[in-house]
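Observations on chain architecture
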Amino acid sequence: GSVIFSGIQPTGAFHLGNYFGAVRNWRDFQTRIERDHINSRLLFFVADMHSLTVPQNFSRLTNQRLEAFGSLMACGIDPEKATIFFQSEVPEIPKLQWILSCMCGMGQLNRMTQWKSKANLRNDADIAADFGKVKLGLFTYPVLMAADILTFNATHVPVGRDQAQHLELTRELVDIFNRATKSKFLHQPMTLLAPTMKVLSLKNPEKKMSKSDPDDMSKIFITEDAKSIRNKISKALTDSVEGKLIYDPVNRPAVTNLITILAAALGRPVLEVSNQVEDFTKKELKDAVSDAVVKELKDPAARFQELMKDPERLDKLSRRGSEKAREIASKNLKEISKLVGMGYW
Ligand code: AQP
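Residues numbered from 1 in each chain as written. Predicted model: local features only at pLDDT ≥ 70, side-chain atom pairs only at ≥ 80, totals over all residues.

The test is simple: UniProt positions are given in the numbering used here, feature names are shortened, and annotations may be inferred rather than shown by experiment.
Where an unreviewed UniProt entry is consulted, the chain appears under the name tryptophan--tRNA ligase, with the organism given as Eeniella nana. Listed in UniProt under the heading Sequence similarities (unreviewed entry), the comment for the chain reads: "Belongs to the class-I aminoacyl-tRNA synthetase family." Regarding the chain, the relevant UniProt record gives this comment under Subcellular location (unreviewed entry): "Mitochondrion".

This is the structure we're talking about:
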């Protein structure tokens, strides 16, 4: 059967981008697999080791990990139907990362764009000046991501569009590993891109909505109450263009972003929704977005409050999930280790 696998960093409360770009789709897979009796294993993880690639407040991270686990459940991921675990509880992952690191070229990593943006290197001159300051973990992050996926020999990886490049690298590493070990042990994981386009910051449509954006008004959290959601959407940036509202990511990114969010929240195709709203005023569009988002987030927000009342239970569930993940990981790593000459004779 297939193995559907994805993760999210515990770098702060989940926002609409994480929800429409990732977690809601994971829940939809879970629903479909159960409904159609598909033979698939679902694995979702809190990528706590990935979060160390940028500076963290460690004492806060402990809570954020548990909140991330609670948020996954609040969004409808069910620990009875999917294995939900912490990355740091599976030591097989960094073991495989080492093996893959010994097969991955520096040039392959050099081509990745995320380390450049996360280290704030905007151009070749910045890179030449500051490469030495880039942390090794940030630079090799894509190898850890490949190790996450390949430790579980995942067949399908549902992610947002910003992650597509890393999946490409993972597939290159599968080829290199299989060739080097003359085996077919590792599967080529398929990227499942979210149907929703990237969700942008409500305050700056040149940036994506991001957990690490210090401006809370730029994002809507899945745990937010109706009043606060309406307030943020009413203050979202639009533009000064008069006349019809059109879906135009290049020339009207802020309006387009609101249409994207509306379509995602309604679960309707974006072009259909943009036709419906073309004669709306900007205020009417914002009201429609608010109504749809409030409705969509009502359950996750309520469930999150409920779940966080019992942290011991979440802790227990996360331990169980992590143990289950480790069982699978350790079986696979035994095989992988043998292929690279390790393990008992
Ligand atoms: N704005 C977005 N639109 C669509 N999808 C998004 N994702 C993140 N932001 C958007 C998707 O969410 C999943 C989990 O992301 P992550 O935890 O690995 O962190 P990230 O991609 O780096 O997202 P953030 O929220 O901006 O976190 P920070 O600020 O910590 O970097 C992924 O599938 C991602 O595609």
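**Some words on the site of the ligand**
For the record, the criterion: In this text, near has one meaning. A residue is near a molecule or strand if its C-beta atom, placed using the backbone, is within 6 Å of it. Strands here are runs of E lasting at least two residues and helices are runs of H or I lasting at least four, both read from the DSSP assignment and numbered beginning at the N terminus. As a working rule, the residues Ala, Val, Leu, Ile, Met, Phe, Trp, Tyr, Cys and Pro are called nonpolar, Asp, Glu, Lys and Arg charged, and the rest polar, with Gly in that last group.
Residues in close proximity to the ligand total 18 residues, the closest being Gly17, Gly21, Gly160, Ser210 and Ser212. Element by element, the count of residues in the shell around the ligand is highest for helix H1 (residues 16-35), at four residues. Considered class by class, the residues forming the shell around the ligand number five nonpolar, nine polar and four charged.

**Considering the packing of helix H3 (residues 58-74) against helix H13 (residues 282-307)**
As a reminder, the rule being used: Simply put, an axis is a line fit to the C-alpha atoms, just over the touching stretch for a helix, and the angle between two N-to-C directions goes from 0 to 180 degrees. Oblique is the label for any angle not covered by the other classes, which are roughly parallel (under 35 degrees), roughly antiparallel (over 145) and roughly perpendicular (65 to 115). It is the rotation of the near helix from the far one that decides the hand of a crossing: anticlockwise by less than a right angle makes it left-handed, clockwise makes it right-handed. A residue pair is marked as a contact if its C-beta atoms, positioned from the backbone, fall within 7 Å.
Two numbers describe how H3 lies on H13: the axes approach to 8 Å, and their chain directions differ by 135 degrees. Judged by the inter-axis angle, H3 sits oblique to H13. Regarding H3 and H13, the two cross each other, and that crossing is right-handed. The residues of H13 that touch H3, namely those facing Gly70, Ser71, Met73 and Ala74, are Pro300, Arg303, Phe304 and Leu307. When grouped by side-chain class, the residues that make up the contact of H3 with H13 number five nonpolar, two polar and one charged.

**Notes on helix H4 (residues 92-101)**
The criterion, for reference: Any residue with 12 or fewer other C-beta atoms within 10 Å of its own C-beta is exposed, any with 20 or more is buried, and the rest are partly exposed; the C-beta atoms used are placed from the backbone. The arc in question is formed by the directions pointing from the helix axis toward the C-beta atoms.
Taken as a whole, H4 has its buried residues at Glu92, Ile93, Leu96, Gln97, Ile99 and Leu100. Taken down its axis, H4 places every buried residue within 165 degrees of arc, on the same side.

**Looking at the nonpolar core**
Spelled out, the test is: Each nonpolar core comprises buried Ala, Val, Leu, Ile, Met, Phe, Trp, Tyr and Cys residues, the members being joined through C-beta atoms within 7 Å. An automatic or database domain assignment is the source of the domain bounds shown.
In terms of nonpolar packing, the biggest core is built from 88 residues, with Phe44, Leu72, Leu100, Ile261, Leu262, Val289 and Val293 touching the most fellow members. At nine residues, the largest contribution of residues to this core is made by H13. Counting contributing residues, this core receives three or more from each of domain 1 (2-199 + 311-339) and domain 2 (223-305). Once residues lying within four places of it in the same chain are set aside, the contact partners of Ile261 are Leu16, Val199, Val289 and Val293.

**So, helix H9 (residues 164-180)**
What counts here: One less than the residue count of a helix, multiplied by 1.5 Å, gives the span that helix is expected to have.
Taking 1.5 Å per residue, 17 residues should reach 24 Å; H9 reaches 25 Å between its end C-alpha atoms and fits that length. Among the residues making up H9, those that are buried are His166, Leu167, Thr170, Leu173, Val174 and Phe177. Along H9, the residues classed as buried sweep out an arc of 110 degrees about the axis, all on the same side. Summarising the geometry of H9, the exposed residues directed more than 90 degrees from the buried face are Ala164, Asp175 and Arg179. One or two residues past the end of H9 sits Lys182, with phi positive at roughly 45 degrees.

**Describing the pairing of strand S1 (residues 2-8)**
We count it as follows: When the strands point away from the viewer and the connection leading from the first strand across the helix to the second strand turns clockwise, the crossover is called right-handed.
With five of seven residues buried, S1 lies mostly within the body of the structure. Read from S1 through H1 to strand S2 (residues 40-46), the crossover connection turns out right-handed.

**Focus: the domain arrangement of the chain**
In many reports, interface size means the accessible area that the parts give up when they come together. What the domain assignment reports for the chain is domain 1 (2-199 + 311-339) and domain 2 (223-305). Using only C-alpha atoms to locate each centre, domain 1 and domain 2 end up separated by 29 Å. Taken together, the contact pairs ten residues of domain 1 with eight residues of domain 2. Broken down by secondary-structure element, the contributors of at least two residues to the side of domain 1 that touches domain 2 are H1 and H3. When residues in the side of domain 1 that touches domain 2 are grouped by element, the largest group, three residues, is from H3. Looking at the side of domain 1 that touches domain 2 residue by residue, the class counts come to seven nonpolar, three polar and no charged.

**Comments concerning the packing of H3 against helix H14 (residues 311-339)**
Running from N to C, H3 and H14 cross one another at 80 degrees; their axes reach a closest spacing of 10 Å. As summarised for this structure, H3 and H14 are arranged roughly perpendicular, according to the angle between their axes. Between H3, through Leu66, Phe69 and Gly70, and H14, the contact on the second element is made entirely by Pro311, Leu314, Asp315 and Ser318. Looking at the contact of H3 with H14 residue by residue, the classes come out as four nonpolar, two polar and one charged.

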